[in-house]
Each structure stands twice: as C-alpha cells, then as structure tokens.
Amino acid sequence: MPMDGVLLNRITDNLNRACPLKINRINQPTKTDFIFQTFGTEKQRMLISMHPVHSRIHFTNSKTISNLELTHFLGILRKYLDGGIINEVKQRGMDRIITFLITNRDEIGIVHHYKLIVELLGRNANLILLDDHDQVIDAFKRIGGFDTIKRAIVTGAQYEYPNALDKKHITKLKTKDKFDSVRQNFEGVSPILEKEITERLQKENETKELINELITSNTLYIYPKDYHIIELKHLNLHPKTYPLMEGLDVFYEGLVEQERINNYTKEPLKIIRRELKRAKSKLPKLISDLEKARDSEHLREAGDLLLSYHTQAKSGLNEVTLQDWEGQPITISLNPKLNGIENANDYYKRYKKAKTSIAYLEKQIEITQNRINYFTGLQNQIEIADIEDILEIIEELKQNNLIRQKKTKKKQKRKPNYIVINYDDSTTIFVGKNNIQNDTITFKLAKKEDYWFHAANTFGAHVIIKTDEEITDDKLELCAQLAAYFSNHRHGSNVEVYYTKVKNLKKIPGQQPGMVSIQTHRSLFVTPDKDYLANFITSL
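Everything numeric here is computed off the predicted structure, so don't read it as measured data.

Novice: Which residues make up the overall build of the chain, and what are the values?
Specialist: Helices and strands together make up the secondary structure of the chain, namely 12 helices and 22 strands. The C-alpha extent of the chain, read off along each of the three principal axes, is 110 × 70 × 60 Å. When the 540 residues of the chain are sorted by exposure, 46% land in the buried category. By sequence separation, contacts in the chain at least 24 residues apart represent 56% of the contacts at least 6 residues apart. Surface exposure of the chain reaches about 30,000 Å², of which carbon and sulfur atoms provide 48%. Separation of charge centres in the chain, based on 80 positive and 71 negative side chains, amounts to 5 Å.

Novice: Outline helix α2 (residues 72-81), listing residues and values.
Specialist: Buried residues of α2: F73, L74, I76, L77, R78 and L81, and no others. Considering only its buried residues, α2 is in contact with β1 (21-27), β2 (33-39), β6 (97-105), β7 (111-119), β8 (126-130) and β9 (136-139). Directly after α2, the chain includes G83, whose backbone phi takes a positive value near 85 degrees.

Novice: Can you break down the packing of helix α9 (residues 387-399) against helix α10 (residues 435-445) residue by residue, with the values?
Specialist: Relative orientation of the contacting elements α9 and α10 amounts to 95 degrees, with a least axis distance of 8 Å. With respect to α10, the element α9 is oriented roughly perpendicular. Two secondary-structure elements touch here, α9 through D389, E392 and E396 and α10 through N435, I436 and Q437. The class makeup of the residues in the contact of α9 with α10 is one nonpolar, two polar and three charged.

Novice: I'd like a description of a negative patch on the surface, backed by residues and values.
Specialist: A grouping of D473, D474, E477, D529 and D531 is seen on the molecular surface, where their side chains present a negatively charged patch. Examining the composition of the negative patch, we find that three residues originate from one element, helix α11 (residues 473-485), more than from any other. Structurally, D474 can be placed in helix α11. For D474, a relative accessible area of 52% corresponds to the exposed category.

Novice: Residue-level account of helix α8 (residues 340-383), with values.
Specialist: In this model, α8 (44 residues) spans 62 Å end to end at C-alpha, consistent with the 64 Å of a helix rising 1.5 Å per residue. At I358, α8 is bent by approximately 35 degrees, the largest bend along its length. Capping the start of α8, N339 holds a side-chain oxygen 3.2 Å from the backbone nitrogen of I341, two or three residues further along.

Novice: Pulling in residues and values, what's your account of a positive patch on the surface?
Specialist: Where like charges cluster on the molecular surface, the positive patch consists of K172, K174, K176 and K208. Mapped onto the elements, K174 comes out in the loop between β9 and α3 (182-185).

Novice: Can you tell me about the packing of aromatic side chains, naming the residues and giving the values?
Specialist: Taken as a whole and assessed by the stated rule, the structure comprises 15 aromatic pairs. Judged by centre distance (5.7 Å) and plane angle (75 degrees), the rings of Y227 and Y252 are edge-to-face. Separated by 25 residues along the polypeptide, Y227 in strand β11 (residues 227-228) and Y252 in helix α6 (residues 244-294) bring together distant segments of the chain. Taken as a pair, Y227 and Y252 share a single burial class, namely buried. Among the aromatic residues, those joined into a ring-pair cluster are F34, F73 and F140. Note that R56 overlies the ring of Y252, its terminal NZ or CZ placed 4.4 Å from the centroid. The lysine or arginine in question, R350, covers the ring of Y347, its NZ or CZ lying 4.6 Å from the ring centre.

Novice: Summarise the sheet that holds strand β17 (residues 451-455); cite the residues concerned and give the values.
Specialist: Note on sheets: strands pair through backbone hydrogen bonds, and any given pair is parallel or antiparallel. Pairing in this open sheet of six strands is antiparallel, and the strands run β15-β16-β18-β17-β19-β22 from one edge to the other. In this open sheet, the two edge strands, each paired with only one partner strand, are β15 (419-424) and β22 (522-526). Adjacent strand axes in the sheet meet at a mean angle of 25 degrees, parallel and antiparallel pairs treated alike. Against the sheet, α11 engages β15, β16 (427-431), β17, β18 (463-467), β19 (495-501) and β22, with an angle of about 40 degrees to β17.

Novice: How would you explain the side chain of S296 if you had to name every residue and give the values?
Specialist: Relative to the helices and strands, S296 resides in the loop between α6 and α7 (297-308). Under the relative-accessibility criterion, S296 is labelled buried at 1%. Setting aside residues no more than four positions away along its own chain, S296 makes contact with Y351, A354 and K355.

Novice: So what about the pairing of strand β10 (residues 219-222)? Which residues, and what values?
Specialist: Of the pairings in the sheet, the one linking β10 to strand β12 (residues 240-243) comprises four bridges and is antiparallel in character. Bridging across to β12, Y221 finds its partner in T241. Here two bridges tie β10 to β11, and the two strands are oriented antiparallel to one another. Among the inter-strand pairings, I222 is bridged to a residue of β11, identified as Y227. Following β10, the chain reverses through four residues before pairing antiparallel with β11.

Novice: Give a detailed account of the side chain of N434, specifying residues and quantitative values.
Specialist: Of note, N434 is situated in the loop between β16 and α10. Of note is the side chain of N434, whose polar atom sits 3.2 Å from the backbone nitrogen of I436. Discounting residues that sit within four places of it in the chain, N434 has contacts with Q381, D389, E392 and I393.

Novice: How would you sum up the sheet that holds β11? Please name residues and give values.
Specialist: Taken together, three strands build an open sheet; the order of strands is β11-β10-β12 and the sheet is antiparallel. Edge positions in the sheet fall to β11 and β12, since each has one partner strand and no second. Across the sheet, α6 is in contact with β10, β11 and β12; its angle to β12 comes to roughly 125 degrees.

Cut-offs and rules
Residues numbered from 1 in each chain as written. Predicted model: local features only at pLDDT ≥ 70, side-chain atom pairs only at ≥ 80, totals over all residues. Heavy atoms only, no water. Helix = DSSP H or I, 4+ residues; strand = E, 2+ residues; numbered from the N terminus. Buried < 20%, exposed > 50% of the residue type's maximum accessible area, 1.4 Å probe, protein only. Contact = heavy atoms within 4.5 Å. Areas by Shrake-Rupley, 256 points an atom, 1.4 Å probe, with all protein chains shown as cover. Lys, Arg positive; Asp, Glu negative; His and termini not counted. Charge placed at Lys NZ, Arg CZ, Asp CG, Glu CD. Axes fitted to C-alpha atoms, helices over the stretch in contact; angles between N-to-C directions. Parallel < 35°, antiparallel > 145°, perpendicular 65-115°, else oblique. Nonpolar A, V, L, I, M, F, W, Y, C, P; charged D, E, K, R; others polar. Patch = residues over 30% accessible without salt bridge, like charges linked within 9 Å, V, L, I, M, F, W, Y side chains within 5 Å. Salt bridge = Lys/Arg side-chain N within 4 Å of Asp/Glu carboxyl O. Expected span 1.5 Å × (residues − 1). Bend = angle between axes of the 7 residues up to and from the residue. Polar contact = N/O pair within 3.5 Å; in protein donor to acceptor, adjacent residues only side chain to side chain. Phe/Tyr/Trp six-rings, centres within 6.5 Å; stacked < 30°, edge-to-face > 60°. Lys NZ or Arg CZ within 6 Å of the ring centre and 35° of its normal. Pairing = 2+ DSSP bridges.

Rendered as structure tokens:
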C-alpha cells in the first residue's frame, strides 16, 4: 500500500528530529531508489523511492545490491548535494510532499541553499532539486510544458507545488465526522485509514485518543497486505508491531526484493525457456533420424540386388521387382534417370551415409540432452535465487554468448554468493545455489578429504562440509537436508541424496561449470524440512 499523508507526517517528524544530517554519499541501487548515506548523531541510510507502486521515504538498514551505472540524475544529486547538510525536513500540510532544506559549499567555499522536493504521488512520484530561487536544477522525471497545462518540471522552470485540496487537518477531527466521508474532508487520509477512523468515531470517547495517536505514534502495525501507525482494528487481524522505520523495512523488504528478482529474471528466463524449447523439439527429430540410420541394412541389400540384376533395372523405370537371396519377391524404388549399376551405387552411397551419420547423431543427441539438463537446471536455480544468485546466472549466460554483453569497463570479479553455515567451531558447511557457486565450492574451496552431497538424479546444489572432527549423524542430516531442499525435489519426500569424498569426483570435460562424474558414493534419504533449515539459514 502507498504511504498516506498522516503516516508521512510521522516519518517527517522522525527525519526532522535526526537533523542536522550530513550527506556523505548518494547511491542509486535501482532505477527508482536512491540511498542517502548520512551522519548526524550516528550513521544512517535514508531511502527515497520513486517506485510507481512502493514510493516511500524512511531510514533503512536493509542491504541493497550494488550501485547502478552512474545515471544523469544521480550525477546531478552528487554534484550539488554530496557533503551538504540537511538542516530541516518539512511536510506540506498533510500532503504526500516533503521538502528537504539543504546547504552546501561549492568549490570556492560559497554557501548555497537547495531544496530537495519529494513528491510521493504514486505513479507520478518525483524527486526534484531546486536552487535558492526555487528554480528546477533537475528532476527524476522531467515534465515538459507540452505534457501538462498546470506546471512544468524542467531545468530552469520555476517550481510550483501541485494544487492544494481544500481539506481540514486531521487534528480538527470530531465525532460528528463519522457521518461524512473522512477522505473527502481531511487531508492525508488513505482508504484503509478512513475505514479505521470511521469505525473508531462510532465510540465518542475515543476521538481525542485517536487524534493523539495519529500525530504522535512511532509504532508501525503490520498486516499481511497493509500497515499503519495505528492499529487497524476493523481488519480483525493480529498485527506485528515494530518501531516505525524498522517496520517499513520489514514490510517492504520482501515485496521489493521479489519484484526486483522478477525484473532481473525476465530476460534470463526468456532465454532459458527459448533454448529449452529448441532443444526439446530437436531431440525427437534426432532420435528418429538415428533409428532410421540404424535401420539401414535394407539399403545395402537393395544395392547388392541391383548390382547382381542390373540388366533388369534399365533406366527409365521407377521401380523394379526382383527376387531376394531367399527367393522372395522384393520391389525396389529406382531413379528413372539412372541405369541398374548407377542405382545400385546410389543405394550404396545412402547406406554409407546412414552408417557414418550414426556416430554424429549419437553425439548430437548427447549434446542436446545435456543442453536440456543444463537449461532445466538453470530454470530450477532461478526459482530459489536471490538477486546476487541471478546476477551470477546472467553472467554465466553472457559467458556462453546467450546474452549480449555490453561494452563496459571491466569490473572486479565478485566472490560467488554461496551459503556459508558455521555449524560449530570446527565445522563449516558450504552450499552452492547455481553452477558457478557449485563449481567454486567443489573444485576451489573443498579439499580431497571433505565430503560432498547432492540430490540423486536431479539438478541441485552442491553441499560441502569441512570439519576437523568426525561427521556426526546430525551433520549428515543437515547436509542431506540442504542438498535435497536446494534441488528439484525440494517438495518431495524420502529424497535420495548421494554423498562421497571430493576425491571421488571428476570434472566432466567440455561440460558446464559444476557438472561432475562420481566414482563411488553412499546414499541418505531425507524429507526436506524448511522450518528445520531456517534454524541455520536466516534468509530462507
């Protein structure tokens, strides 16, 4: 749900109490999100999101992915605001518009005054930088004069606030307002808050308490699909409560993360499904051709008969009926342009071609089946991937020339995002969630005597356990659980898991990263238990 003006009023109050704040650095982790790294009494990261659905502003402790390439607007913000001081934060009435009053010195030490306007207006959300004359320096979304009659937001234009609605402040709320539409009469009230206010106004003695809570609450009440700074009793649900800023992190983290994952997976999933479809449609044709090639003895026999009885297969005939070596009649198709010997040679050529194609077709079937396995594995890996995992999968597709690489500066290679579980002082478990991670932990991190786990006969994670002690049943169970859960059988029961020492593994030449052959192994059978694994992996 979008923030309303009443909730934004409490956020503004919290931001204002943290002032003055020095802006140390501004980052842009996504196309719509900006992170202001600030310092007041402590280091704090302020998120300003222009997302069309989840536009918001608050202090955040959530981890963000790496910064985008430097965008034009990010460059403008850094040029004018890096090193500046946020002196005050103001809200326009109870509207969803916030103004940051910022001072900063230029290269020669002259102090300049700037305003950063945050308009959290849903799809029209905007971030606008103004100079000390309220002229637009630049904006996240530029709105030209031809696009709107009322106001233009372009460089050099005089900034004008959106037209204010003639509504009352929430502190003017009275019991009699229960008979009218609260949203139409009061500023900053969302539909969900209107329902709650209307229900509470039915009790005359709650009006003052309600107003006081709306203008002083620093608690966020979170429901499955909604949240607010007061308890939404009309939903008849038990909420989770958090401090205001922490609660906003909790509510949006899952939503935004999943949306980011969906955005990042669109292109790789499209490519994976395309290649998988091609391989699956190609395989039956190859198998059919192989069966035909193997069933080619009749071509040699026809050539032998035509060579022996070539005088009966004169040119101009479309077919000829001869007796085979067992005295049975057999009809042989002919090329009317060729005589008997030439038709015999033609059959020998077709026979030789069929025989020589067998090895080629068998190799192509193997390659095609490997491609099916490879892309099916990638599809499975994307289902359980976070942002870092998906970026690694995209990099793998680029290396295989399935995604076109843009010419950019070479970035330092990141450490693969495999899971590390510190089981105890002497035991560490590593879990790879994609091919790159699997290859890294098995062939670069693991030693020959370490144990390796993998779900049997399916695609999934490599699990490595490194320990100085004997592997107990509890450790075996955990590793098998991890291998089963991070596989294609995560929803199954009694999943077979292979385990063996790393010295018994061999990398398959010419295959994709993480593909191994096993010389010998033992098996465990487990039923994946997400709740059990959550004790070891907090992000599960």
